[in-house]
Amino acid sequence: DTAVSQTPKYLVTQMGNDKSIKCEQNLGHDTMYWYKQDSKKFLKIMFSYNNKELIINETVPNRFSPKSPDKAHLNLHINSLELGDSAVYFCASSQEGGWHEQYFGPGTRLTVT
Amino acid sequence: AQSVSQHNHHVILSEAASLELGCNYSYGGTVNLFWYVQYPGQHLQLLLKYFSGDPLVKGIKGFEAEFIKSKFSFNLRKPSVQWSDTAEYFCAVNGGSQGNLIFGKGTKLSVKP
């Protein structure tokens, strides 16, 4: 069974569109995250949710909005996509508080044309 | 602010050579330290972690790392690399009240058969 899953794996879309990426974990973890990996492979935290509540919101444009319907899901919605949003987005989860190892999903490669 | 530095951008080795990848972090408090590996086209997987105790930690696939608190370092080592170790290696630190992972910029390891 996949511990952390993301859909879709690939997403190609045009500038100005709105898109969503879904993430689900079946590990029973309380904390979930979104990371962005740019073209140079640099990984940076975007958001962190603990039990459906936003904990971390790094300097991310407000076009990005995370939604957590329950503690097993953390979706990422992106409005008005821009070329610079092209990246690989990774979802991750960990036990509560984030002081534990994080388990990563397979990533979603977003390409904005 | 916390930061993680990985000294080597790209390391090229022949099979059976020994490996050491440098990682230094800046954070004055208690930290947890991690090495993650990303094989081509795949998601991040945990290689090893340090939370407390013996500063020499052993991970999967023959990797080990040594935490040297006085040097703020957590270098990754492997005595004899294999072609299948070709991947991107990320050092990460988890500290502060929110506990989000701060990643280094990664080191690409290429192992020649």
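Preceding block: the structure.
Rules of the game
Every chain begins its residue count from 1, and numbering advances along the sequence as written. Working convention: letters from A go to chains and numbers from 1 go to ligands, in the order in which they are written. Residue-level local features of this predicted model are given only where pLDDT is at least 70; pairs of side-chain atoms are given and counted only at 80 or more, and the full residue set underlies all totals for whole chains, interfaces and linings. Water and hydrogen atoms were dropped before computing side-chain values, which therefore reflect all heavy atoms in the structure. Numbering of helices and strands starts at the N terminus; helices are DSSP runs of H or I of at least 4 residues and strands are runs of E of at least 2. With a 1.4 Å probe rolled over the protein chains alone, any residue whose accessible area is under 20% of its type maximum counts as buried; one over 50% counts as exposed, and the rest are partly exposed. Throughout this description, a polar contact denotes any pair of N or O atoms lying within 3.5 Å of each other; where both atoms belong to protein, one of them has to be capable of donating a hydrogen while the other can accept it, and for residues adjacent in sequence the pair is counted only when both atoms sit in side chains. When checking whether two residues touch, look at their non-hydrogen atoms; a contact exists if any pair is within 4.5 Å. Buried area is a sum: the accessible area each of two parts loses on coming together, probed at 1.4 Å, counted once for each and added. Note on definitions: salt bridges are taken to be side-chain nitrogens of Lys or Arg within 4 Å of carboxyl oxygens of Asp or Glu. Any residue outside Ala, Val, Leu, Ile, Met, Phe, Trp, Tyr, Cys, Pro, Asp, Glu, Lys and Arg is labelled polar, Gly included; the first ten of those are nonpolar and the last four are charged. Note: two strands are recorded as paired if DSSP finds a minimum of 2 bridges between them. Only C-alpha atoms enter the line fits that serve as axes; for helices the fit covers just the stretch in contact. Angles between N-to-C directions range over 0 to 180 degrees.

Undergrad: Whenever I open this one, the side chain of E101(A) confuses me. Can you help?
TA: Within the secondary structure, E101(A) is located in the loop between strand 9 (87-94) and strand 10 (103-104). Accessibility expressed as a relative area gives 14% for E101(A), which makes it buried. Here the side chain of E101(A) touches Y103(A) through a polar contact of 3.2 Å, side chain to side chain. Apart from residues no more than four positions distant in its own chain, E101(A) is found in contact with S93(A), S94(A), F34(B), Y36(B), L46(B), K49(B) and F51(B).

Undergrad: How do you make sense of the interface of chain B and chain A when you look at a structure like this?
TA: In many analyses, interface size is given as the accessible surface area lost on bringing the parts together. Listed per partner, the contact involves 24 residues of chain B and 19 residues of chain A. For the pair chain B and chain A, the summed buried surface comes to about 1,800 Å²; carbon and sulfur atoms form 57% of the total. For the interface between chain B and chain A, the tally reads one salt bridge. Linking chain B with chain A are three residue pairs in polar contact (both at pLDDT 80 or more), by the criterion used here. Of all elements in the fold, only strand 5 (31-38), strand 6 (44-50), strand 10 (87-95) and strand 11 (101-103) of chain B reach the threshold of two or more residues within the side of chain B that touches chain A. Its residues assigned to classes, the side of chain B that touches chain A shows eight nonpolar, 13 polar and three charged.

Undergrad: Help me understand the sheet that holds strand 8 (residues 75-78) of chain A in this model?
TA: Strand pairing in a sheet relies on backbone hydrogen bonds. The paired strands run either parallel or antiparallel. Residues and elements named next belong to chain A. Here four strands make up an open sheet; going across it, the order is 1-3-8-7 and the pairing antiparallel. Edge positions in the sheet fall to strand 1 (4-7) and strand 7 (64-67), since each has one partner strand and no second. Sheet twist, expressed as the average angle between the axes of neighbouring strands with direction ignored, equals 15°. Of the strand pairs in this sheet, strand 3 (residues 19-25) and strand 8 are connected by three bridges, and their pairing is antiparallel. By the bridge assignment for strand 8, S20 is matched with H77.

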